[in-house]
Amino acid sequence: MSDHHHHHDHSGPIAIGATAARVVIGLLTVIGVAVVIGAIALWPSQQHVDIPLPMQNAGGGAVQTEAGTVVMQDIGPCGSPSLGKVFPDKPEPPRSNAYTCQRSVIAIESGPHEGNRTLFEIAPGPGQPDLRAGDEIRVIRQTDPSGTPMYSFEDYARGLPLTLIVVAFVVVIIVVARWRGVRALLGLVFAFAVLVMFLLPALLDGKPAIPVALIAGSLILYAVLYLAHGVNLRTSSALLGTLTAMLLAAALSWLTIELTNLTGLSEEQNTNVATYIEHVSITGLLLAGFIIGSLGVLNDVTITQASAAFELAAIDESASRREVFTAAMRVGRDHIASTVYTLVLAYAGGALPLLLLFSVAGRSIRDVLAGDAVAIEIARSAVGGIALALSVPLTTGIAVLLARPFGGKEPSPPPRARHARHARV
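Quick caveat: nothing in here was measured; it's all calculated off a predicted structure.

J.: For this particular structure, what's the right way to read the overall build of the protein chain?
T.: Secondary structure assignment for the protein chain yields 12 helices and five strands. Counting across all 425 residues of the protein chain, residues that qualify as buried make up 38%. Sequence separation of at least 24 residues holds for 71% of the intrachain contacts in the protein chain that already meet a minimum separation of 6. Of the roughly 23900 Å² of accessible surface on the protein chain, 64% is carried by carbon and sulfur atoms.

J.: Is there a simple way to explain the pattern of salt bridges in this structure?
T.: Any two side chains of opposite charge can pair, given that their charged atoms come close. With the rule as written, the count across this model stands at seven salt bridges. When the shortest N-O distance is used, the salt bridge between Asp205 and Lys207 registers 2.8 Å. The buried category is assigned to Asp205, whose relative accessible area is 15%. Residue class for Lys207 comes out partly exposed when judged on its relative accessible area of 22%. The partner of Glu311 in a salt bridge is Arg234, with the nearest N and O atoms 3.1 Å apart. Of this pair, Glu311 sits in helix 7 (residues 295–315) while Arg234 sits in helix 4 (residues 233–260), and the two are 77 residues apart along the sequence. A residue is classified by how much of its surface remains accessible, and Arg234, at 24% relative accessible area, is partly exposed.

J.: How do you make sense of the environment of Ala379 when you look at a structure like this?
T.: Along the chain, Ala379 falls in helix 11 (residues 372–403). A C-alpha to C-alpha distance of 8.1 Å links Ala379 and Ser253, two positions 126 residues apart in sequence. Once you skip the residues sitting within four places of it in the chain, Ala379 turns out to touch Thr256, Leu262 and Phe290.

J.: Explain the nonpolar core here, please?
T.: Across soluble globular proteins, nonpolar side chains have a tendency to be buried as a group. Counting 46 residues, the largest nonpolar core has Leu28, Val212, Leu221, Leu239, Leu243 and Met246 as the members making the most contacts within it. Within the residue set of this core, elements represented by two or more residues are helix 1 (18–42), helix 2 (159–204), helix 3 (209–229), helix 4, helix 6 (282–293), helix 7, helix 8 (321–350) and helix 11. By residue number, the principal contributor to this core is helix 3, which donates 12 residues. Once you skip the residues sitting within four places of it in the chain, Met246 turns out to touch Leu214, Gly217, Ser218, Leu221, Ile291, Leu295 and Leu298. Ala245, Tyr347, Ala387 and Val392 belong to the second largest nonpolar core, which has 12 residues in total.

J.: Help me understand the side chain of Ser218 in this model?
T.: Inspection of the secondary structure assignment puts Ser218 in helix 3. Not counting chain neighbours up to four residues away, the residues in contact with Ser218 comprise Val35, Leu243 and Met246.

J.: I keep staring at the pairing of strand 2 (residues 100–108) and nothing clicks. Help me out?
T.: Consecutive residues of a regular strand have side chains that alternate between opposite faces of the sheet. With eight of its nine residues buried, strand 2 lies for the most part within the structure. Pairing between strand 1 (residues 64–77) and strand 2: nine bridges, direction antiparallel. Within the sheet, the bridge partner assigned to Met72 lies in strand 2 and is Val105. Sheet topology places strand 2 next to strand 3 (residues 117–122); six bridges connect them, and they run antiparallel. Looking at the pairing, Ala107 lines up with Arg117 of strand 3.

J.: How do you make sense of the sheet that holds strand 3 when you look at a structure like this?
T.: Across the sheet, five strands lie side by side as 3-2-1-4-5; this open sheet has antiparallel pairing. Edge positions in the sheet fall to strand 3 and strand 5 (149–156), since each has one partner strand and no second. Ignoring strand direction, the axes of neighbouring strands in this sheet form an average angle of 40 degrees.

J.: Which parts of the structure should I look at to understand unusual backbone geometry?
T.: Glycine aside, a negative phi is what most residues show, and trans is what most peptide bonds show. Within the chain, Arg178 stands out as a residue other than glycine whose phi angle is a positive 55 degrees. In this structure, Arg178 sits in helix 2. The residue Asn261 is not glycine, and still its phi comes out positive at about 55 degrees.

J.: Help me understand the packing of aromatic side chains, please; the structure alone is not making it clear to me.
T.: For any pair of aromatic rings, the description rests on two quantities: the centre-to-centre distance and the angle between the ring planes. Under the definition given, this model contains three aromatic pairs. On the numbers, 5.7 Å between centres and 80 degrees between planes, the contact of Phe153 with Tyr156 is edge-to-face. Given a relative accessible area of 23%, Phe153 falls into the partly exposed group. A relative accessible area of 28% means that Tyr156 is categorised as partly exposed.

J.: Looking at this structure, I do not really get the packing of helix 3 against helix 6. What am I missing?
T.: Axis angle and axis distance: for two packed helices, these are the angle between their axes and the distance between the axes, and together they describe the pair. Contact geometry of helix 3 with helix 6 gives a least axis separation of 9 Å together with a crossing angle of 25 degrees. On the basis of their axis angle, the class for helix 3 and helix 6 is roughly parallel. Read as a crossing pair, helix 3 and helix 6 show a hand that is right-handed. Of the residues in helix 6, those touching helix 3 at Ala209, Ile210, Ala213, Leu214, Ala216 and Gly217 are Gly284, Leu287, Ala288, Ile291 and Ile292. Within the contact of helix 3 with helix 6, the residues separate by chemical class into nine nonpolar, two polar and no charged.

J.: How should I be thinking about helix 8 in this particular structure?
T.: For an α-helix the count is 3.6 residues per turn, leaving residues at separations of three or four pointing the same way. Its 30 residues give helix 8 an end-to-end C-alpha distance of 42 Å, which sits within 8% of 44 Å, the value for a rise of 1.5 Å per residue. Taken as a whole, helix 8 has its buried residues at Val324, Ala327, Ala328, Met329, Gly332, His335, Ile336, Thr339, Leu343 and Tyr347.

J.: Would you take a moment to explain the confidence of the model for the protein chain for this structure?
T.: Low pLDDT means the predicted atomic positions in that stretch should not be read closely. Residue-level pLDDT values for the protein chain average 82, and 87% of them are 70 or greater. Counted against residues more than four places away or in other chains, residues 406–425, with its pLDDT under 50, gives 20 contacts.

J.: It is not clear to me how the environment of Lys90 should be interpreted in this structure. Could you clarify?
T.: For Lys90, the location among the structural elements is in the loop between strand 1 and strand 2. In this structure Lys90 comes out as exposed when scored by relative accessible area, which is 68%.

Conventions used here
- Residues numbered from 1 in each chain as written.
- Predicted model: local features only at pLDDT ≥ 70, side-chain atom pairs only at ≥ 80, totals over all residues.
- Heavy atoms only, no water.
- Helix = DSSP H or I, 4+ residues; strand = E, 2+ residues; numbered from the N terminus.
- Buried < 20%, exposed > 50% of the residue type's maximum accessible area, 1.4 Å probe, protein only.
- Contact = heavy atoms within 4.5 Å.
- Areas by Shrake-Rupley, 256 points an atom, 1.4 Å probe, with all protein chains shown as cover.
- Salt bridge = Lys/Arg side-chain N within 4 Å of Asp/Glu carboxyl O.
- Core = buried A, V, L, I, M, F, W, Y, C linked by side-chain atoms within 4.5 Å.
- Pairing = 2+ DSSP bridges.
- Axes fitted to C-alpha atoms, helices over the stretch in contact; angles between N-to-C directions.
- Phe/Tyr/Trp six-rings, centres within 6.5 Å; stacked < 30°, edge-to-face > 60°.
- Parallel < 35°, antiparallel > 145°, perpendicular 65-115°, else oblique.
- Left-handed = near helix turned anticlockwise from the far one by under 90°.
- Nonpolar A, V, L, I, M, F, W, Y, C, P; charged D, E, K, R; others polar.
- Expected span 1.5 Å × (residues − 1).
- pLDDT = per-residue confidence, 0-100.

As structure tokens, this is what we get:
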């Protein structure tokens, strides 16, 4: 009479078949090599791109900004000859009292004119800054055609508060998630580096948008998943599922933009790109945005599904592949329902100003929804939602095959069958 013992040790990796391990490692190695080759082939050149006209200074170069603080603010007669110029103490009074406006004396706190002051005269109105004494701001430094230094308002200085918010974010992530949080933050830094050093320069170089976005997305996924969740087959199953879903999202994005004739020209930034950087495809920018925008939510769902499948397989070693898949899919359906809300509401939140304008325009809801600006958000949500929904069975299936690999030991018979067999011995 033989004894049957089942040990469930969750402290280490779950043992799986060597064949399945070789298959998944081989697949990810091949994909990884293809991604590296693609990145080398699509790496942007060092070509010079002229600074777009709205971003140039008077001499055609990059705009230079300096630190400043509002030291005096009042409302009074405007038209001072000192407007925008550098002076040591007080501005010259206006030569006439033709109109009144907000007058702001700014202390220049960096650059060649540090320690001096300048004067801003701002007529109240939409889009105009409402400066107050003590406000820290950024000012544009340039020269007029005669070579005289001139200053103008750029924006509020947000360096310190933004730094504090980011530091708080980093501290909370590290305190709660510990070393896994540190690794996740490193992955985030890597993702940002890929976007800044590869994706944007490659698009600016005129490289095809879909391959560039897929290469960038793959680089990001390899780094963030393995950094945050460790190099193991559970993470690898999530990575395979996410890469497949990203490829699907790319195909759906291209098909959606082709079918709906989305132009992206309803957004001011895209119009500026089309006007001043003519060789960059706006459609390509839209495609890249669709693909990269879907990565975060896909990553979230796939790693959850992979973990669920592996844990369910470990808890009940007698469960068949079908039973593990079915149980993991029940978790996945709940996750899909909640994440679709997250996806759609995130895009709706970003489009609130646009929706507010349309709500008072008196246009029909059909015209509003079919307009380019809103249609882009609808298409983005729909593509992300489809890729999200399909990533769940994809990842779950891959994870189940790894947790219950073909060629491994068959699942143990149910307890009742084992007891009956023992009774016959």
